[in-house]
Every structure is written in C-alpha cells, then in structure tokens.
Amino acid sequence: MKKTVNTSHVRFINLRAVLDAIYHQESISKAELARMLNMSKPSMADNVTDLLEIGIIREIGEGACGKGGGRKPTLLSFCDDFKYIIAMDFHYHHSFFALSNLKGKVLNEFTIHQTPMSNFRAWTQMCVNAVSTLLSAQNITSQDLAAIAVSAPGILNTKEDQYIISSKFGEFNVAYLEKELKQAFQAPVLIKNSTNAAALGEFYYGSGQNCENLLYVSCGQGVGSGLILRGKLYEGSHLAAGEFGFFMTPDNLESKTGGRLEDRISIDSILEAINSGLEAEQAVSGQSREGGKVSFPAMIERWKSKDPYIQPFVDKICLELGCAVTSLQSFFDCQLIIIGGEYLAFAQQMIPEINRLVQSCCPIPVPVVAASLGDNGTVLGLIATCREFYFKNICSRE
C-alpha cells in the first residue's frame with residue numbers, strides 16, 4: 001500500500017529542525033542552516049520567516065562574506081527571553097522554586113521550608129504565592145510564561161487522571177494542584193515524576209550528555225529510576241516506567257511490610273531499623289541512650305566516622321541497590337548508569353560497590369557514575385520538559 005505524507009507533518013519536522021539548530025548556535029545564517037540540515041533555500045527561507053514572525057528568533061546583523069565574496073549573510077539568533085519557565089521541585093522537607101528563560105538560564109530561585117504533608121491546600125496556596133513572587137521579581141507577567149512544571153513523587157498519569165503517591169507524602173492531590181496553578185496563571189501546567197525529571201536533567205546538562213541510552217537511579221527518601229532510550233524519556237504505557245522501588249525477590253515475597261525494595265532500603269525504613277536496634281540494645285543493657293533517635297544527617301556522620309553499628313546498614317543499601325541496578329542494566333543494556341538521590345552521601349562506598357556488581361554480573365558491563373547536578377538535576381529536567389513542550393506547540397501551529 002502506498003503511504004502518503006501529511007504536508008503539515010512535514011512542515012512540523014522542518015520547522016522544528018530549524019528551530020533546534022538555531023537554538024544550539026550562538027548565531028548562524030540561512031545558507032549555513034540549509035547546508036547543515038540539507039534543506040532547499042526556499043524551504044529554509046519559509047521556515048525562518050515563520051520563526052521570525054513568531055518572535056522566537058531574531059536577525060542580529062551581518063556575517064562575514066564567503067571566500068568568493070558577494071553579499072554578506074544575515075545572521076540569526078535564538079531569543080533566550082522570548083518566554084519564561086517556572087520549575088517547582090517538591091522535596092520531603094522543603095519546596096524549591098525557580099524561574100528560567102527558554103535557554104535554561106535560571107534567573108531567580110528560592111527554597112521554602114514548607115511541604116504538603118501537614119496541610120496540602122495551604123501548601124498549594126504557598127506555591128501560587130511563590131510563583132507570583134518569581135514573576136513580579138523579574139517584572140514579567142503570566143502571559144510571558146511558556147509553561148509551569150512541577151515535580152512530584154510517584155506514578156503521575158495526567159492523561160488518565162491516575163496518581164499513585166506514597167502515603168508518607170500526605171494527601172498529595174495532583175489534580176487540585178494543577179487546577180489551582182492553571183486558574184491562577186492561565187498557563188500550561190506540566191506534572192513530572194521527580195526521578196524522570198532528574199534523568200532528563202542529567203541527560204541534557206549533566207553526566208548523561210551524549211548518551212543515547214542511559215539509566216538514572218535515585219535512592220533515598222524513595223527508590224526509582226528514569227530511562228532514556230534512543231534519546232527520549234521512556235515512561236511506559238501508563239507513565240509508570242522506572243518504578244523499580246517495587247522490585248521484589250522470592251525471599252521478600254511473603255513480607256507484609258518490607259517486601260518491596262523501597263520498603264527495605266528507603267531512608268525511613270533504614271532509620272527505623274537503626275533506631276529499633278538501638279532501642280533493643282538499650283532494653284538489654286538497661287542504659288539510656290543520649291541524643292534521641294538517629295536522624296539521617298547523624299547516620300551520615302556516624303558512617304563517616306566508621307561507626308561499626310551503622311556500617312552494616314550502609315552495606316545493605318549498597319548491596320540491595322547494586323543487585324537491583326544490575327538486573328535493570330541486564331534488561332535495558334544502557335550505555336551509562338547514573339546514581340542520584342540522598343544516598344549519594346555514601347557515594348565513596350556506593351559507587352565502587354555498584355560498579356563492582358555491574359562489572360561482575362552484567363553480560364555487557366557499563367560505567368556507573370554519580371549524578372553531577374545534585375538537586376539541580378530535577379529543576380533542569382523540568383526546564384527541558386517545558387522547553388520541549390513549548391517548541392512542539394510552536395511548530396505545530398497552522
């Protein structure tokens with residue numbers, strides 16, 4: 001059967017190729033673009049005209065003549081500040097807000113030590129106020145926004161209104177948050193799984209640059225992964241891909257509380273095991289323990305000081321996570337594995353241990369590295385998500 005090509009689809013492909021090329025160049029002429037993209041000069045002229053009319057690119061002057069002389073070419077450049085992006089990164093103990101331009105340059109940012117666990121509606125109103133503050137500080141309005149992006153833990157299927165979020169994050173109502181932000185700012189609101197956003201951040205700006213296939217693993221408050229396959233984020237049929245915190249083994253299958261990987265090695269689970277053990281020791285010895293319960297920062301400090309009581313718990317984290325990562329890598333065959341999350345505090349032990357397991361157990365071993373962007377990875381991934389969304393919309397216009 002003969003296949004037909006939709007002309008609007010061809011237009012989208014060509015316009016997007018031109019926009020992406022200009023975006024990645026400081027300046028470039030139409031002739032250089034035509035050669036780079038193997039596009040005819042008339043087609044290139046039409047696409048450039050469309051983008052100039054939208055306002056997302058601009059002419060910035062004349063370039064140098066070619067070797068044969070002739071008229072100087074007009075140079076084109078991307079308009080970094082044509083639109084702006086709001087990124088909201090939700091953490092267990094605080095919320096982070098950032099405003100960037102389309103180029104990904106963060107213009108303003110701040111942290112508020114308020115989370116949705118105690119009062120979700122009050123937290124949502126705080127988010128609205130925070131976005132308003134970012135806009136007014138830069139003297140821009142909501143009409144200048146390309147989109148607002150929010151990271152959140154769990155399975156976030158906005159297409160089917162299906163949200164599966166751990167109860168430890170309180171009554172996190174994604175639909176309500178999305179509705180309030182849209183109503184307040186009349187801008188598109190994109191909800192992204194926090195680990196997927198971090199994977200995109202590392203892919204575009206961090207350790208995963210130039211990797212077509214990578215596995216990003218986050219472990220700490222939660223356990224999850226983000227998959228970049230063939231240069232695209234893979235989210236699965238129900239936007240639930242990468243939830244390997246549900247990883248099970250036969251030995252743990254019958255457990256009512258600790259069967260899943262996340263139940264076994266998340267920060268809350270590990271701290272509960274640490275403190276339960278100390279309480280049992282106290283009951284046997286009859287001696288009281290100074291300092292109260294061990295917190296995560298205290299656990300880190302005790303590990304650094306080679307506390308023999310804490311070391312086995314860190315060993316457990318490294319082993320369990322390493323085995324799960326090895327299984328994922330054997331299945332997906334990525335080029336690179338990136339480890340992120342709060343447990344990077346143990347990177348000195350964790351990265352070599354996971355590398356050892358991958359090297360010894362995977363049929364085709366690949367490097368395991370620490371995430372290079374830290375907490376900024378999720379924000380940069382949200383910014384990239386918004387930019388991709390906005391570029392797609394621009395190029396789809398009739």
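The preceding data block contains the structure.
Every chain is numbered independently, its residues counted from 1 as its sequence is written. Owing to the predicted nature of the model, reporting of local features is limited to residues with pLDDT of at least 70; listing and counting of side-chain atom pairs is limited to 80 or more, with chain, interface and lining totals taken over all residues. No hydrogens and no water enter the side-chain calculation; it runs on all heavy atoms of the structure.

**Digging into the sheet that holds strand β5 (residues 95-101)**
Definition in use: The criterion for strand pairing is that DSSP finds at least two bridges linking the strands in question. The numbering of helices and of strands both runs from the N terminus, where a helix is a DSSP run of H or I of at least 4 residues and a strand a run of E of at least 2. Each axis is a line fitted through C-alpha atoms, and for a helix only the stretch in contact is used; angles between axes span 0 to 180 degrees, taken between their N-to-C directions.
Reading across from one edge, β6-β5-β4-β7-β10 is the order of the five strands in this open sheet, with mixed pairing throughout. Whereas interior strands pair on both sides, the edge strands pair on one side only; in this sheet they are β6 (106-112) and β10 (189-193). On average, each strand axis in the sheet is inclined to that of its neighbour by 15°, with strand direction left out of account. Both strand β7 (residues 145-152) and β10 contribute to a ladder of five bridges, which runs parallel. Bridging from a neighbouring strand, serine 151 pairs with lysine 192 of β10.

**Quick notes on the side chain of serine 151**
Operational definition: Residue burial is assigned from relative accessible area. The probe radius is 1.4 Å, only protein chains are included, and a residue is buried under 20% of its type maximum, exposed over 50%, and partly exposed in between. Each polar contact in these results corresponds to two N or O atoms within 3.5 Å; when the atoms are within protein, one needs to be able to donate a hydrogen and the other to accept it, and residues that are neighboring in sequence are counted only if both atoms are side-chain atoms.
In this structure, serine 151 sits in strand β7. Classification of serine 151 by relative accessible area gives buried; the value is 0%. There is a polar contact of 2.6 Å between the side chain of serine 151 and the side chain of aspartate 89. Engagement of the side chain of serine 151 in a polar contact is seen with the backbone nitrogen of phenylalanine 90, the distance being 3.2 Å.

**Some thoughts on the packing of helix α2 (residues 30-37) against helix α3 (residues 41-54)**
Condition: Should the near helix be turned anticlockwise from the far one by less than a right angle, the crossing is left-handed, and should it be turned clockwise, the crossing is right-handed. Contacts are assigned to residue pairs with any non-hydrogen atoms lying within 4.5 Å of each other. Residues were grouped as follows: Ala, Val, Leu, Ile, Met, Phe, Trp, Tyr, Cys and Pro as nonpolar; Asp, Glu, Lys and Arg as charged; and all remaining residues, including Gly, as polar.
Here α2 crosses α3 at 115°, and the two axes come no closer than 10 Å. Handedness of the α2/α3 crossing: right-handed. Two secondary-structure elements touch here, α2 through Lys30, Leu33, Ala34 and Leu37 and α3 through Met44, Ala45 and Val48. Tallied by class, residues from the contact of α2 with α3 come to six nonpolar, no polar and one charged.

**Considering the packing of helix α10 (residues 311-332) against helix α11 (residues 347-361)**
Rules: Angular relationships are summarised with four words: roughly parallel below 35 degrees, roughly antiparallel beyond 145, roughly perpendicular across 65 to 115, and oblique for the angles in between.
Two elements in contact, α10 and α11, have axes whose closest approach is 9 Å; the angle formed by their N-to-C orientations is 40°. With respect to α11, the axis of α10 lies oblique. In this structure, the crossing between α10 and α11 has a hand that is right-handed. Across the interface between the two elements, Gln311, Val314, Asp315, Ile317, Cys318, Leu319, Leu321, Gly322, Cys323, Val325, Thr326 and Ser330 from α10 touch Gln349, Met350, Glu353, Ile354, Leu357, Val358 and Cys361 from α11. Classifying every residue of the contact of α10 with α11 gives twelve nonpolar, five polar and two charged.

**Some thoughts on the packing of aromatic side chains**
Note the following rule: The pairing test for Phe, Tyr and Trp rings, Trp by its six-membered ring, is centres within 6.5 Å, and the orientation test on the planes gives stacked under 30 degrees, edge-to-face over 60, and tilted for anything in between.
By the definition in use, this model includes 15 aromatic pairs. Aromatic pair tryptophan 303 and phenylalanine 346: ring centres 5.1 Å apart, planes at 80°, arrangement edge-to-face. Remark: phenylalanine 346 occurs in the loop between β14 (336-340) and α11 and tryptophan 303 occurs in helix α9 (residues 296-304); sequence separation between them is 43 residues. Connected via pairs of aromatic rings, a cluster forms that spans Phe90, Phe120, Trp123 and Tyr176.

**Side note on the sheet that holds strand β2 (residues 57-62)**
Sheet strands pair via backbone hydrogen bonds, and the direction of the pair is either parallel or antiparallel. Strand order in the open sheet formed by three strands is β1-β3-β2, with antiparallel pairing between adjacent strands. On the outer flanks of this sheet lie β1 (28-29) and β2, each paired with one strand and no other. Inspection of the sheet shows β1 paired to strand β3 (residues 74-78) by two bridges, in the antiparallel sense. Bridging across to β3, isoleucine 28 finds its partner in leucine 76. Against the sheet, helix α1 (residues 7-23) contacts β1, β2 and β3, and its axis sits at roughly 90° relative to β3.

**Quick notes on α9**
Where we set the bar: Throughout, the arc means the angular range of directions from the helix axis out to the C-beta atoms.
Every buried residue of α9 is listed here: Phe296, Met299, Ile300 and Trp303. Projected down its long axis, α9 shows its buried positions confined to an angular sector of 100°, all on one face. Count one or two residues on from α9 and you reach lysine 306, which has phi positive near 60°.

**With respect to empty space enclosed by the protein**
Operational definition: For each structure, a 1 Å grid was placed over the protein atoms alone; sets of points admitting a 1.4 Å probe that cannot get out are labelled cavities, open sets with protein on both sides within 12 Å along at least five of seven lines are labelled pockets, and lining residues have an atom within 4 Å of a point. Grid points are joined across faces, edges and corners, and a volume is the space filled by probe spheres set on the points.
Going through the model one piece at a time under the given rule, you end up with one cavity of 30 Å³ or more. Computed from the structure, the largest cavity encloses a volume of approximately 30 Å³. Lining the largest cavity, in full, are Met88, Asp89, Phe90, Ser95, Phe96, Phe97, Trp123, Val150 and Ser151. For the lining of the largest cavity, the elements supplying multiple residues, two or more each, are β4 (84-90), β5 and β7. Within the lining of the largest cavity, the residues separate by chemical class into six nonpolar, two polar and one charged.

**Focus: the pattern of salt bridges**
Operational definition: Salt bridges, as used here, are contacts in which a Lys or Arg side-chain nitrogen is within 4 Å of a carboxyl oxygen on Asp or Glu.
By the definition in use, this model includes twelve salt bridges. Here glutamate 388 makes a salt bridge to arginine 16, at a shortest N to O gap of 2.6 Å. Of this pair, glutamate 388 sits in helix α12 (residues 376-396) while arginine 16 sits in helix α1; the two residues are 372 residues apart in sequence, bridging distant segments of the chain. Among the ionic pairs, glutamate 353 bridges to arginine 356, the shortest N-O distance being 2.7 Å.

That's the geometry; what it means functionally is another story.
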